[in-house]
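Working through the structure, step by step
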Amino acid sequence: MRLALFDDYRLGVVESETIRDVSSVVPNRDAEWPWAFVPRFIAHFDELRPEVERAVARAEARPLSSVRLLSPLPWPGQIVAAAANYHEHHREMAARPHRAGQQTAQGEFFLKAPASVIGHGGEVAMPRVAADREVHHEAELAAVVGRRMRNVPVEKALDYVFGYTCLLDMTLRGFGDRSRRKSYTGFTPIGPWIVTADEIPDPQDLQLRLWRNGDLRQDTNTRDMVYSTAEMLAYASAVMTLYPGDVLTTGTPAGVGPVEAGDVVEMEVERIGRLRVTMLPIDPAQPVAEIGLGSPRT
Ligand code: MN
């Protein structure tokens, strides 16, 4: 099942080019931050599923193009992101000039800010940074946690996955803490919907592609991951408790590169769908937001 949020945070089920409104199954649906109905719906999905299916049968099929899709996870509690988790991408990052002699730690994760999330068709503001800094695209497969996870072994980890979606881990390259460089407003597009886990038999066998202005830039199968989705989930659950609606994004394959204002960035994961965003120009009114706060006061 493909679950989407649209228009005024309505809940929809997508089938080919149509969407059906099933909002009636979430009576406490809130159209404002923090959209608490989303993780609650995910947590109770197994019980609610028959009701969702009945609502689908009743609802009118509207053209998908007639609605505005929103991120299916507008406010995930945690966005856990795998670092350098594809073999070929690890090699391309090690080869970048400023990285001479440095190795990116593998089998590690970092966190992205929930406030950086946007949805399909959204716009990413280019941050005001030094002219020689690059903003890069990173197309990734993301797993959505369905049940509370604490110290879950690798063999059981995928049983806790609610579904999968596309995620763009937009990144300001270069020095500085990763959690800041990857958390500028709009830097975490998610969507266009969540595909429930029953439709993805093996998250390690999905083709993943990204286009910049129509040019194919990333094209790899998820089997090239260094650590599997299950291994990363198990590891994260041994560090902190994961909750329904939390996201694990599994890292990007080779082919990362710069984006500029006006670019259209589009990614696709097999069996899931296509996520598209546009890069906006730099807002000249924005303060420069990359140099830190300067020398500490003495
Ligand atoms: Mn990434």
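Since the model is a prediction, treat every value here as computed from it, not as a measurement. (Residues numbered from 1 in each chain as written. Predicted model: local features only at pLDDT ≥ 70, side-chain atom pairs only at ≥ 80, totals over all residues. Heavy atoms only, no water.)

1. Remarks on the coordination of the manganese ion
Each donor-metal-donor angle in an ideal tetrahedron of four donors is 109.5 degrees, and each such angle in an ideal octahedron of six donors is either 90 or 180 degrees. Applicable threshold: Listed donor atoms are N, O and S within 2.8 Å of the metal (Na, K and Ca: 3.2 Å). As water is not included, a site may look incomplete. Think of it in three bands: residues with accessible area under 20% of the maximum for their type are buried, residues over 50% are exposed, and the middle band is partly exposed, with areas taken using a 1.4 Å probe on protein chains only.
At the metal site, the manganese ion is ligated by Glu-138 (OE), Glu-140 (OE) and Asp-169 (OD), and these contacts range over 2.0 to 2.1 Å. Look at where the donors of the manganese ion fall in the sequence and you get E-x1-E-x28-D. Accessibility expressed as a relative area gives 1% for Glu-140, which makes it buried.

2. Description of helix H2 (residues 45-58)
Where we set the bar: Numbering of helices and strands runs from the N terminus; a helix is a DSSP stretch of H or I covering at least four residues, while a strand is a stretch of E covering at least two. Multiplying one less than the number of residues by 1.5 Å gives the expected span of a helix. Here the bend at a residue is taken as the angle between two axes, fitted respectively to the seven residues that end there and the seven that start there. In what follows, a contact means two residues having at least one pair of non-hydrogen atoms within 4.5 Å.
Taking 1.5 Å as the rise per residue, H2 with 14 residues should run 20 Å; its terminal C-alpha atoms sit 19 Å apart, in good agreement. At Glu-51, H2 shows its strongest bend, of approximately 25 degrees. For H2, every residue scored as buried is listed here: Phe-45, Leu-48, Val-52, Ala-55 and Val-56. The inward-facing, buried residues of H2 contact strand E1 (2-6), strand E2 (10-15), strand E3 (18-21), helix H1 (37-43), strand E12 (161-168) and strand E14 (188-196).

3. What to know about unusual backbone geometry
For the bond running from Trp-33 to Pro-34, omega is 5 degrees, close enough to zero to count as cis. Following the sequence through the fold, Pro-34 ends up in the loop between E3 and H1. The omega angle of the peptide bond from Gly-191 to Pro-192 is 5 degrees, so this bond is cis rather than trans. In this structure, Asn-151 takes a positive phi of about 55 degrees despite not being glycine. Note on placement: Asn-151 falls in the loop between strand E11 (139-145) and helix H4 (154-157). The phi torsion at Asn-213 lies on the positive side, around 50 degrees, for a residue other than glycine. Relative to the assigned elements, Asn-213 resides in the loop between strand E15 (207-212) and strand E16 (215-221). In this structure Asn-213 comes out as partly exposed when scored by relative accessible area, which is 43%.

4. Considerations on the pattern of salt bridges
Put simply, the rule is: Whenever a carboxyl oxygen of Asp or Glu lies within 4 Å of a side-chain nitrogen of Lys or Arg, that contact is scored as a salt bridge.
Under the defined criterion, the tally for this structure stands at 17 salt bridges. Note that Arg-20 and Glu-15 form a salt bridge whose closest N and O atoms lie 3.2 Å from each other. Residue classification places Arg-20 among the buried residues on the basis of a relative accessible area of 19%. We note a salt bridge from Arg-91 to Glu-88, for which the minimum N-O separation is 3.0 Å. Of the two residues, Arg-91 and Glu-88 both sit in helix H3 (residues 87-94), 3 residues apart, roughly one turn of that helix. Among the ionic contacts, a cluster of salt bridges with common partners joins Lys-112, Glu-138, Asp-169, Arg-173 and Lys-182.

5. Describing the pairing of E3
Convention followed: A pair of strands is treated as paired once DSSP finds two or more bridges between them.
One ladder, built from 4 bridges, connects E2 with E3; its direction is antiparallel. Its bridge partner being in E3, Val-13 is matched across the sheet by Arg-20. Counting the residues between successive antiparallel strands, the hairpin from E2 to E3 contains 2 residues, one of them, Ser-16, with a positive phi of roughly 40 degrees.

6. A few points about the sheet that holds strand E20 (residues 273-280)
The condition that has to hold: Every angle, taken between N-to-C directions, lies between 0 and 180 degrees, and every axis is a line fitted to C-alpha atoms, over only the stretch in contact when it is a helix.
On the basis of which strands lie adjacent, the open sheet formed by 5 strands has the order E9-E20-E19-E15-E16 and mixed pairing. Looking at which strands have only one partner, the edges of the open sheet turn out to be strand E9 (123-125) and E16. The average angle at which neighbouring strand axes cross in this sheet is 20 degrees, direction not considered. Relative to E16, E15 runs antiparallel, the two sharing 6 bridges. Within E16, the position partnered with Trp-211 by the bridge is Leu-216.

7. Regarding the side chain of Arg-212
To be explicit about the condition: Each polar contact in these results corresponds to two N or O atoms within 3.5 Å; when the atoms are within protein, one needs to be able to donate a hydrogen and the other to accept it, and residues that are neighboring in sequence are counted only if both atoms are side-chain atoms.
Inspection of the secondary structure assignment puts Arg-212 in strand E15. Since its relative accessible area comes to 14%, Arg-212 is described here as buried. There is a polar contact of 2.6 Å between the side chain of Arg-212 and the side chain of Asp-263. Those residues in contact with Arg-212, other than ones at most four positions away along the chain, are Arg-217, Pro-258, Val-259, Glu-260, Asp-263 and Val-264.

8. A short note on the sheet that holds strand E10 (residues 135-137)
An order of E13-E10-E18 is seen for the 3 strands of this open sheet, with the pairing classed as antiparallel. Single-partner strands in this sheet number two, and they are strand E13 (171-172) and strand E18 (257-259). Judged from the 3 bridges that link them, E10 and E18 form a sheet pairing that is antiparallel. Bridge pairing links Val-135 to Val-259 in E18.

9. A look at the nonpolar core
The line we're drawing: In this text, buried Ala, Val, Leu, Ile, Met, Phe, Trp, Tyr and Cys residues form a nonpolar core when linked through side-chain atoms within 4.5 Å.
Of all hydrophobic cores here, the largest spans 54 residues; its most connected members are Leu-168 and Met-267. Once residues lying within four places of it in the same chain are set aside, the contact partners of Leu-168 are Lys-112, Glu-138, Ala-139, Phe-187, Thr-188, Pro-189, Leu-210, Val-265, Met-267, Leu-275 and Val-277.

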